[in-house]
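# Secondary and tertiary structure notes
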Amino acid sequence: MSDPTGILVLGATGYIGGSILTELIDRNAEDRYVLSALVRKPYQASILADAGVNPLIFKDLDDFDVIRKAAKDHDIVIAAASARHNDCARACILGLGDRAKSSGKETHYVHISGTSNLGDWPVTGERIDTKIHSDVDDDIFEIEKNFPDSHSPVRDVDLAVVDAGEKEGVKTYIVPPPLIFGRGTGSFTLGVGQVHMMTQLALKKKQPVMLGTGSGIWNRVHILDLTDLFTLLVRAILDGKPLPTGKTGYYFVENGFQTWRSISQGIGKAGKELGAFDTEEVGEVTMQEAADEFYNGSLRHAEGVLASNSRTKADKARQILGWQPKYGEQTFLEEVEEVVAAMIEEQA
Ligand SMILES: NC(=O)c1ccc[n+]([C@@H]2O[C@H](COP(=O)([O-])OP(=O)(O)OC[C@H]3O[C@@H](n4cnc5c(N)ncnc54)[C@H](OP(=O)(O)O)[C@@H]3O)[C@@H](O)[C@H]2O)c1
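About the thresholds
Residues numbered from 1 in each chain as written. Predicted model: local features only at pLDDT ≥ 70, side-chain atom pairs only at ≥ 80, totals over all residues. Heavy atoms only, no water. Helix = DSSP H or I, 4+ residues; strand = E, 2+ residues; numbered from the N terminus. Buried < 20%, exposed > 50% of the residue type's maximum accessible area, 1.4 Å probe, protein only. Areas by Shrake-Rupley, 256 points an atom, 1.4 Å probe, with all protein chains shown as cover. Phe/Tyr/Trp six-rings, centres within 6.5 Å; stacked < 30°, edge-to-face > 60°. Lys NZ or Arg CZ within 6 Å of the ring centre and 35° of its normal. Near = heavy atom within 4 Å. Polar contact = N/O pair within 3.5 Å; in protein donor to acceptor, adjacent residues only side chain to side chain. Nonpolar A, V, L, I, M, F, W, Y, C, P; charged D, E, K, R; others polar. Axes fitted to C-alpha atoms, helices over the stretch in contact; angles between N-to-C directions. Parallel < 35°, antiparallel > 145°, perpendicular 65-115°, else oblique. Left-handed = near helix turned anticlockwise from the far one by under 90°. Contact = heavy atoms within 4.5 Å. Core = buried A, V, L, I, M, F, W, Y, C linked by side-chain atoms within 4.5 Å. Pairing = 2+ DSSP bridges. 1 Å grid on protein atoms, 1.4 Å probe; cavity = no way out; pocket = protein on both sides within 12 Å on 5 of 7 lines; lining within 4 Å. Points joined across faces, edges and corners; volume = space filled by probe spheres on them. Expected span 1.5 Å × (residues − 1). Arc of directions from axis to C-beta.

## A short note on the overall build of the protein chain
- The helix and strand inventory of the protein chain stands at 13 helices and 13 strands.
- Oriented by its inertia axes, the alpha-carbon framework of the protein chain measures out at about 65 × 45 × 35 Å.
- Counting across all 348 residues of the protein chain, residues that qualify as buried make up 55%.
- Counting only carbon and sulfur atoms, one obtains 48% of the accessible surface of the protein chain, whose full area is about 15100 Å².

See the structure below:
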């Protein structure tokens, strides 16, 4: 029997990475792979070791040589710590490239991105893009490449990942999630997302709020459907299935969509019922207020993440990986109520 494949996870103590790790642990009945995780703290290492994961300590995402060496010791790296950290992605790909060259084996880099990258800027009106982007019918790499350099750091890292993968002979896969909802299943955090952010703004203003008209549309995905996609991708890699990689290796992940206004309406209804607001009527929050609350004053960021249109279709996951998401609108609406209730209680 051949040696089990080595999989290294970055971000294993986070919402996404922690949930992916749990799923990979649970679905390894045949011991097809061994799991490692790069973490910062000894207590994190100890908890993961108890779960059967080989913990590796690093300083942080800037610890280039340690990350490169760790990647070199594995066949697959799942980088779920940051969509924006170029050097971390580069260190992983260089390490996997070293391994590919020395072993002659294929190595694989799976990168977390985010669909805020495709988001338009409808409040300022500087860029409107309501198109639904398919990862099969549209050339997402080319779309990203044609954005100006100032567009977004997520875009820059996506392009750098594809470029480094091609140069180093590493197969790259980019997974850009939209709005994620649902409780994480990792050992360290349940996770927070845009519903929490909109609720935080509403609780501060004592009224549900939206940026601009709230008419921007985003896709959504439940964390368990997201982790399912990651495990299907890993399984397809292990099975040696021919998969699109590099420039064509974008894998969207979504199950439905909603407007920002409808999220705020859900927050308003729940908050009014629970006595946190006097009215369900959705008011406005300025871009500056949202930017100051979450993004050190970056208006562009607030607009892209909390007001934009960002529409994708996960055609590749459905067609090639056989991905069948389970959680849709009903679960999402329930989640909004739960988040509002939990955040009101925290505030009390
Ligand atoms: N959550 C969403 O809705 C969503 C949607 C699309 C894309 N994304 C992107 O996906 C990425 C992960 O998101 P998440 O929600 O899982 O975040 P998260 O819960 O905050 O987890 C981040 C993970 O990365 C690690 N990390 C962060 N900065 C680090 C540093 N400087 N050095 C070492 N480790 C570091 C954290 O380790 P520690 O525990 O040691 O801090 C943790 O394991 C982010 O880039 C985010 O923009 C998120």
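## Some words on the packing of aromatic side chains
- Evaluated as defined, the whole model comprises 5 aromatic pairs.
- In this structure, arginine 300 is placed above the aromatic ring of tryptophan 121, and the distance from its NZ or CZ to the ring centre is 3.6 Å.

## Some details on the site of the ligand
- Among the 22 residues in the neighbourhood of the ligand, the closest are listed as Thr13, Tyr15, Ile16, Arg40 and Ala83.
- Glycine 11 places a main-chain nitrogen or oxygen 3.4 Å from an oxygen atom of the ligand.
- In the environment of the ligand, an oxygen atom lies 2.8 Å from a nitrogen or oxygen atom belonging to the backbone of alanine 83.
- If the ligand stood free it would expose 910 Å²; the protein chains cover 70% of that surface.
- Per-class residue counts for the shell around the ligand are 13 nonpolar, 7 polar and 2 charged.

## Regarding the packing of helix H7 (residues 194-205) against helix H13 (residues 329-347)
- Contact geometry of H7 with H13 gives a least axis separation of 10 Å together with a crossing angle of 45°. Classified by the angle their axes make, H7 and H13 are oblique. The handedness of the crossing between H7 and H13 comes out as right-handed. Residues Val195, His196, Thr199, Gln200 and Leu203 of H7 form the contact with H13, whose participating residues are Phe332, Glu335, Val336, Val339, Val340, Met343, Ile344 and Gln347.
- When grouped by side-chain class, the residues that make up the contact of H7 with H13 number 8 nonpolar, 4 polar and 1 charged.

## Points about the nonpolar core
- Counting residues in hydrophobic clusters, the biggest one holds 70 residues, and the most contacted among them are Ile78, Tyr109, Val110, Val175, Leu226, Leu233 and Leu321.
- In this structure, isoleucine 78 is in contact with Ile7, Leu8, Val9, Leu10, Ile20, Leu24, Val110, Phe230 and Val234, ignoring residues within four places of it in sequence.
- Listed in part, the 31 residues of the second largest apolar core include Leu211, Val285, Ala290 and Val336.

## Focus: the sheet that holds strand E8 (residues 179-181)
- Taken in spatial order, the 3 strands of this open sheet run E8-E10-E11, and their pairing is mixed. For this open sheet the edge positions go to E8 and strand E11 (257-259), each flanked by a neighbour on one side alone. Mean inter-strand twist for the sheet, computed between neighbouring axes without regard to direction, equals 40°.
- In this structure, strand E10 (residues 217-222) lies alongside E11, joined through 3 bridges in antiparallel fashion. Residue pairing for E11: tryptophan 218 is matched across the bridge by glutamine 258.

## Overview of the environment of alanine 51
- Structurally, alanine 51 can be placed in the loop between helix H2 (42-50) and strand E3 (54-57).
- Residues alanine 51 and leucine 21, 30 residues apart in the sequence, show an inter-C-alpha distance of 10.0 Å.

## What about empty space enclosed by the protein?
- For the structure shown, the criterion picks out 3 cavities of 30 Å³ or more.
- Of the pockets and cavities examined, the largest cavity occupies roughly 50 Å³.
- What lines the largest cavity is simply Ser113, Gly114, Asn117, Leu118, Ile140, Glu144, Asp158, Pro176, Tyr250 and Phe252.

## Observations concerning the packing of H7 against helix H10 (residues 287-294)
- Where H7 meets H10, the axes come as close as 11 Å, and the angle between the chain directions of the two elements is 115°. Classified by the interaxial angle, the pair formed by H7 and H10 is roughly perpendicular. By crossing handedness, the relation of H7 to H10 is classed as right-handed. Contacts between H7 and H10 involve Met197, Gln200, Leu201, Lys204 and Lys205 from the former and Glu289, Ala290, Glu293 and Phe294 from the latter.
- Taken together, the residues that form the contact of H7 with H10 break down as 4 nonpolar, 1 polar and 4 charged.

## Observations regarding the environment of leucine 179
- Tracing the sequence through the fold places leucine 179 in strand E8.
- For leucine 179, a relative accessible area of 0% translates into the label buried.
- When the C-alpha atoms of leucine 179 and glycine 193 are compared, they prove to be 7.0 Å apart, with 14 residues separating the residues in sequence.
- Look past the residues within four positions of leucine 179 in its chain and what remains in contact with it is Gln194, Val195, Trp218, Asn219, Arg220, Val221, Gln258, Trp260, Ile263 and Phe332.

## Things to note about H13
- An ideal rise of 1.5 Å per residue puts 27 Å on 19 residues; H13 measures up with 27 Å between its terminal C-alpha atoms.
- If you check which residues of H13 are buried, you get Phe332, Glu335, Val336, Val339, Val340, Met343 and Ile344. All buried residues of H13 project into a common sector of 165° when viewed along the axis, lining one side. Away from its buried face by more than 90 degrees, H13 exposes Gln330 and Glu345.
- The elements touched by buried residues of H13 are E8, H7, E10, E11 and helix H9 (260-273).

## A few points about the layout of surface pockets
- Roughly 1200 Å³ of internal volume is contained in the largest pocket.
- Lining the largest pocket are 40 residues; nearest its centre among them are Ile16, Ala81, Ser82, Ala83 and Val192.
- For the lining of the largest pocket, the elements supplying multiple residues, two or more each, are helix H1 (15-26), strand E2 (33-39), E8, H7 and helix H11 (299-306).
- Here the lining of the largest pocket gets 3 residues from one element, more than from any other, and that element is H1.
- Within the lining of the largest pocket, the residues separate by chemical class into 21 nonpolar, 15 polar and 4 charged.

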